[in-house]
Amino acid sequence: MERTTCCVVGGGPAGMVLALLLARAGVAVTVLEKHGDFLRDFRGDTVHPSTLALLDDLGLTERFARLPQRRVTTVQLPLGRDGSLVTVGDIGALRGRFNYIAMVPQWDLLDLLADEAGREPSFSLRMSTEATSFLTERGRVTGVRYRTADGRTGELRATLTVACDGRGSLARSLPELRLRRFTCPMDAWWFRLPRRADDPHGLVGGVGDRLLAAMIDRGEYWQCAALIPKGTDAERRAAGLAPFMANYAVAAPWLADRVHALGSWDEVKLLDVRLDRLRRWHRPGLLCIGDAAHAMSPVFGIGINLAVEDAVAAARYLVEPLRAGTVGLRDVRAVQRRRWPTTALTQALQRFAHARVIGPVLAGEAPFGNPRRARRMAEWVTTSRRLNRVPAYFLAYGAVRERPPAASVR
Ligand SMILES: Cc1cc2nc3c(=O)[nH]c(=O)nc-3n(C[C@H](O)[C@H](O)[C@H](O)COP(=O)(O)OP(=O)(O)OC[C@H]3O[C@@H](n4cnc5c(N)ncnc54)[C@H](O)[C@@H]3O)c2cc1C
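Okay, so let's go over this structure. Counting starts from 1 at the beginning of each chain's written sequence and moves along it residue by residue. Thresholds applied to this predicted model are a pLDDT of at least 70 for local features of residues and 80 or more for the giving and counting of side-chain atom pairs; totals over whole chains, interfaces and linings are not thresholded and use all residues. Hydrogens and waters are ignored; side-chain quantities use all the structure's heavy atoms.

### A look at the overall build of the protein
Inclusion rule: Helix and strand assignments follow DSSP, with helices taken as H or I runs no shorter than four residues and strands as E runs no shorter than two, numbered in order from the N terminus. Throughout, the radius of gyration refers to the C-alpha atoms, and the reference size of a globule is 2.2 Å times the residue count to the power 0.38. Each residue is assigned to one of three classes by its accessible area relative to the maximum for its type, calculated with a 1.4 Å probe on protein chains only: buried under 20%, partly exposed between the two thresholds, exposed over 50%. Only the protein chains shown count as cover for residues, with accessible areas throughout obtained via the Shrake-Rupley method and a probe of 1.4 Å. In this count, Lys and Arg are taken as positive residues and Asp and Glu as negative ones, while His and the chain termini are left out. Taken as the charge location is NZ of Lys, CZ of Arg, CG of Asp or CD of Glu.
Looking only at helices and strands, the protein features 10 helices and 20 strands. Whereas a compact globule of 410 residues would reach a radius of gyration of roughly 22 Å, the protein reaches 21 Å, a difference of no more than 12%. Projected onto its principal axes, the C-alpha coordinates of the protein cover approximately 60 × 50 × 40 Å. Among the 410 residues that make up the protein, the fraction classed as buried is 57%. As displayed, the protein offers around 17,500 Å² of accessible surface, 51% of which is attributable to carbon and sulfur atoms. Distance between charge centroids for the protein: 7 Å, based on 59 positive and 42 negative side chains.

Take a look at the structure:
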């Protein structure tokens, strides 16, 4: 029988950070990741100050600095005249070393975490291994059944199983955890366009006709996103690629000479945007964190941040009981109690932005339903430097700062 102390399902930001922190503290941890590598384009690239500070605590700042990256110091929303972008969070104005968001391809960050965790004898990573169901005994989750890419199946028993498997989590099929869904006004399209040396850099946004554009600078190319009204994918595709690209060029005029590089709709991937959270993140033997517990919208680009902070808090609450073999319902409940207020507040702000800004802009209306009110709001946010620090701090560090367990710090 295969056995570990902590089975982490999913090697995304939440799973890899949790596994690294536990392994460094000497807890036997096995990560199951269903894909064969971390190479997936349609993932967030933002590494926020809270994660940069964590990497520093873990002694990884120098390794991280060697990854290809761009720095962004502002977060913007289309609040201005004619939907122009207004800075709602000036992270560059915050004090401290990490007053920027690093745009790093997520696979590079995950590779770094996996490599670092691989130095610990208590860490094991099984790629191409998908958890297929939970093992249970007398109402307690005691591990998972899994299947590998070559069709092999097995069972891994664990003192604690942590679901870090994103918004399609296996745990979401458990009726007692109960999912609460919120409406989202948009879906996202993702595609690539070539980048030139004299283009802007970092993260760039723009507004077209019932479309919001965001472009992530990946050096050689732009990873482009287009937010479209929810459920309009088929209708918009039927209208043709040329009108879409013309509209994208309205949002980003400096890309107008390259939009035709997109050959067909096959190069444009749809991502269904969701916002939800579990009412309960745990049951005996099981804890859910990151998107598995609360799927985040791309608004503010804050989902990775939240997933990493969940992992840091979970490691802090669980290291000692896992080492002592006494982990119980009280410990996993404490993690939800700690992380729930930040999650609920962040999602409330995302819902506010959906309802008052993104939804109206995608419907071809002014944000806040009234251009004057939108402008007043934008002025209010931007004119007071002191006031501006509040959203900037929240975007950078979340509502509460999470510190890693002392045993994981180097
Ligand atoms: C369009 C869009 C854009 C976004 N952009 C940003 C952004 O720029 N910045 C940002 O911070 N956030 C962004 N987000 C949100 C962000 O992607 C998530 O909040 C974040 O990735 C959550 O991390 P996670 O580790 O919890 O889950 P995930 O990143 O979803 O990782 C889950 C992992 O589990 C694996 N897995 C799944 N099921 C199984 C299984 N059964 N067995 C084994 N492995 C499994 C998956 O392969 C995956 O590697 C965006 C979201 C959307 C929808």
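Next comes the rest of the account.
### Some details on the pattern of salt bridges
Condition: Whenever Lys or Arg places a side-chain nitrogen within 4 Å of a carboxyl oxygen from Asp or Glu, that contact is recorded as a salt bridge.
Within the structure shown, the criterion is met by 29 salt bridges. Ionic pairing is found between Glu-176 and Arg-283, a salt bridge with its closest N-O pair at 2.6 Å. With Glu-176 in the loop between strand S11 (153–163) and strand S12 (179–182) and Arg-283 in strand S19 (residues 282–283), the pair connects residues that are 107 residues apart, well separated along the chain. Overall, the relative accessible area of 11% leaves Arg-283 in the buried class. Sharing partners across several salt bridges, the network here consists of Glu-309, Asp-310, Arg-316, Arg-338, Arg-339 and Glu-402.

### Quick notes on the site of the ligand
Applicable threshold: Put simply, a residue is near a molecule or strand once any heavy atom of it comes within 4 Å of that molecule or strand. Residues adjacent in sequence count toward polar contacts only when both atoms are side-chain atoms; beyond that, a polar contact is any pair of N or O atoms within 3.5 Å, and within protein one must be able to donate a hydrogen and the other to accept it. Following the grouping adopted for this structure description, the nonpolar residues are Ala, Val, Leu, Ile, Met, Phe, Trp, Tyr, Cys and Pro, the charged ones are Asp, Glu, Lys and Arg, and the polar ones are all others, Gly among them.
Around the ligand, a shell composed of 32 residues is seen, among which Glu-33, Arg-43, Thr-46, Asp-291 and Ile-304 lie nearest. Note that an oxygen atom of the ligand is positioned 2.8 Å from one of the backbone N or O atoms of Ile-304. Of all elements in the fold, only helix H1 (13–24), strand S9 (129–137), strand S13 (186–194) and helix H7 (303–324) reach the threshold of two or more residues within the shell around the ligand. Broken down by class, the residue content of the shell around the ligand amounts to 13 nonpolar, 11 polar and 8 charged.

### What about the nonpolar core?
Applicable threshold: Residues enter a nonpolar core if they are buried and are Ala, Val, Leu, Ile, Met, Phe, Trp, Tyr or Cys, with the set joined through side-chain atoms within 4.5 Å. It only takes one pair of heavy atoms within 4.5 Å for two residues to be counted as in contact.
In this structure, Leu-18, Leu-22, Phe-64, Ile-289 and Leu-318 are the most contacted members of the largest nonpolar core, which totals 86 residues. Non-local contacts of Leu-22, meaning those with residues more than four positions away in its chain, are made with Cys-6, Val-27, Val-29, Ala-315, Val-319 and Leu-322. With 23 residues, the next largest nonpolar core counts Ala-249, Leu-255, Leu-262 and Trp-265 among its residues.

### Observations concerning helix H8 (residues 329–362)
This is how it is decided: What is called the bend at a residue is the angle between a pair of axes, fitted to the seven residues leading up to and ending at it and to the seven starting from it.
Taking the largest bend as the criterion, H8 deviates by roughly 45 degrees, centred on His-354. Trailing H8 by a residue or two, Gly-364 shows a phi angle of about 80 degrees, which is positive.

### Some points on the packing of aromatic side chains
The condition that has to hold: Stacked, edge-to-face and tilted labels apply to pairs of Phe, Tyr and Trp rings (six-membered ring for Trp) whose centres lie within 6.5 Å, assigned for plane angles under 30 degrees, over 60, and everything in between, in that order. Counted as over-ring charges are cases with an Arg CZ or a Lys NZ within 6 Å of the ring centre that also lie within 35 degrees of the ring normal.
Counted according to the given criterion, the structure contains 8 aromatic pairs. Here the aromatic rings of Trp-189 and Phe-244 are separated by 4.8 Å at their centres, their planes lie at 80 degrees, and the arrangement is edge-to-face. In this pair, Trp-189 sits in strand S13 while Phe-244 sits in helix H6 (residues 241–251), placing the two residues 55 residues apart along the sequence. Each of the two residues, Trp-189 as well as Phe-244, counts as buried. The cationic tip of Arg-71 hangs over the ring face of Tyr-100; the distance from NZ or CZ to the ring centre is 3.9 Å. Residue placement shows Arg-192 over the ring face of Tyr-221; its charged tip is 4.1 Å from the ring centre.

### Considerations on the packing of H1 against H7
Basically, it comes down to this: To obtain an axis, a line is fitted to C-alpha atoms, over the contacting stretch when the element is a helix, and the angle between two such axes runs from 0 to 180 degrees between their N-to-C directions. Here the angle decides the label: under 35 degrees means roughly parallel, over 145 means roughly antiparallel, 65 to 115 means roughly perpendicular, and every other value means oblique. It is the rotation of the near helix from the far one that decides the hand of a crossing: anticlockwise by less than a right angle makes it left-handed, clockwise makes it right-handed.
Two elements in contact, H1 and H7, have axes separated by 8 Å at closest approach and are oriented at 30 degrees. What the angle tells us is that H1 and H7 run roughly parallel. Considering only the axes of H1 and H7, their crossing is right-handed. Along the contact surface, H1 presents Pro-13, Ala-14, Val-17, Leu-18, Leu-21 and Leu-22, while H7 presents Ile-304, Ala-307, Val-308, Ala-311, Val-312, Ala-314, Ala-315, Val-319 and Leu-322. When the residues that make up the contact of H1 with H7 are grouped by side-chain class, the tally is 15 nonpolar, no polar and no charged.

### Let's talk about a positive patch on the surface
This is how the line gets drawn: What makes a patch is a set of residues exposed beyond 30% relative accessible area and free of salt bridges, joined within 9 Å when like-charged and within 5 Å when nonpolar (Val, Leu, Ile, Met, Phe, Trp, Tyr).
On the surface, a cluster of positive charge is contributed by Arg-178, Arg-180, Arg-279, Arg-280, Arg-333, Arg-337 and Arg-351. Per-element accounting of the positive patch gives the leading share, 3 residues, to H8.

### Some points on the side chain of Arg-195
Mapped onto the elements, Arg-195 comes out in the loop between S13 and strand S14 (203–208). According to the relative accessible area criterion, Arg-195 is buried, its value standing at 15%. Among the polar contacts listed, one links the side chain of Arg-195 to the backbone oxygen of Pro-200, at a separation of 3.3 Å. Apart from residues lying up to four places away in sequence, Arg-195 is in contact with Arg-70, Pro-200, His-201, Asp-217, Gly-219, Glu-220, Tyr-221, Trp-222 and Arg-258.

### A look at the pairing of strand S10 (residues 140–148)
Cut-off, in case you're wondering: Only strands joined by at least two bridges in the DSSP assignment are considered to pair.
Two elements, S9 and S10, share 8 bridges in a ladder whose sense is antiparallel. Across the sheet, Phe-134 pairs through a bridge with Val-144, a residue of S10. Hairpin connection, S9 to S10: the antiparallel pair is bridged by 2 residues, and Arg-138 has positive phi, about 50 degrees. Counted between consecutive antiparallel strands, the loop separating S10 from S11 contains 4 residues, among which Gly-151 sits at a positive phi close to 90 degrees.

### Quick notes on the sheet that holds S14
Taken together, the 5 strands give an open sheet; going across it, the order is S14-S15-S16-S13-S17, and neighbouring strands pair in antiparallel fashion. Of all strands in the sheet, those bounded by a partner on one side alone are S14 and strand S17 (269–271). Ignoring strand direction, the axes of neighbouring strands in this sheet form an average angle of 25 degrees. The strands touched by H6 are S13, S14, strand S15 (211–217) and strand S16 (221–229); relative to S15, the strand with the most contacts, the crossing angle is about 70 degrees.

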